[in-house]
Amino acid sequence: MYEFAVTPAVTSIRRRGVTITAVSPFSLGGEFELEPGDRVIKVNGRTVRDYLDFRFQTGGETDLVLEVRKQNGEDWEVQVERDESEDFGLSFEQIVPRQCANECLFCFCKGNPADARP
């Protein structure tokens, strides 16, 4: 019913996974041939939306299965065994703040009078 209001906000930000922007040399990510531009889609079957999801879902885990979409469109399943404190050596794209298009009257950002805040 209200799809017209949220569709523009959702379609522009909803992509599967999180994009890798850099891989440290001689790191775990480099060992598994992960490259900038690849996208981590899932960790142990759980969807990854941003780097916070990735950090949360890999934290403390030693046996992992990563679903990765390579730049060329190939889907890889990477099985990882690591020490609990071992870092992947990956950097990710910045989180894009989401903004809804509902324009609710009670919205703290848009619902106040124009002179209420700069």
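Structure's up top.
Cut-offs and rules
- Residues numbered from 1 in each chain as written.
- Predicted model: local features only at pLDDT ≥ 70, side-chain atom pairs only at ≥ 80, totals over all residues.
- Heavy atoms only, no water.
- Helix = DSSP H or I, 4+ residues; strand = E, 2+ residues; numbered from the N terminus.
- Buried < 20%, exposed > 50% of the residue type's maximum accessible area, 1.4 Å probe, protein only.
- Contact = heavy atoms within 4.5 Å.
- Core = buried A, V, L, I, M, F, W, Y, C linked by side-chain atoms within 4.5 Å.
- Salt bridge = Lys/Arg side-chain N within 4 Å of Asp/Glu carboxyl O.

### Some words on the environment of V40
Counting through the fold element by element, V40 comes out in strand β2 (residues 39-43). By relative accessible area, which is 0% here, V40 ends up buried. Once the C-alpha coordinates of V40 and V18 are considered, the two residues, 22 residues apart in sequence, prove to be 5.4 Å apart. Residues in contact with V40, not counting those within four places in the same chain, are G17, V18, I20, V48, F54, E67 and F92.

### Comments concerning the nonpolar core
Judged by nonpolar contacts, the single largest core of 16 residues is most densely connected at V40, F54, L66 and F88. Those elements that provide at least two residues to this core are β1 (18-23), β2, β4 (63-69), β5 (75-81) and β6 (90-92). If one sorts the elements of this core by residue count, β4 sits on top with three residues. With residues near it in sequence (within four places) discarded, F88 still touches S27, L28, G29, F54, T58, L64, L66, V80 and R82.

### Description of the pattern of salt bridges
In the structure shown here, the tally under the stated rule is six salt bridges. Close ionic contact of D38 with K70 constitutes a salt bridge, the shortest N to O distance being 2.6 Å. Note that D38 is positioned in the loop between α2 (28-31) and β2 and K70 in the loop between β4 and β5, a separation of 32 residues in sequence. For D38, a relative accessible area of 0% puts it in the buried group. Two residues, R55 and D87, come together in a salt bridge whose shortest N-O distance is 3.8 Å. Within this pair, whereas R55 is found in helix α3 (residues 51-58), its partner D87 is found in the loop between β5 and β6, the two being separated by 32 residues in sequence. By relative accessible area, R55 is classed as partly exposed at 36%. One salt-bridge network, held together by shared partners, links E35, D38 and K70.

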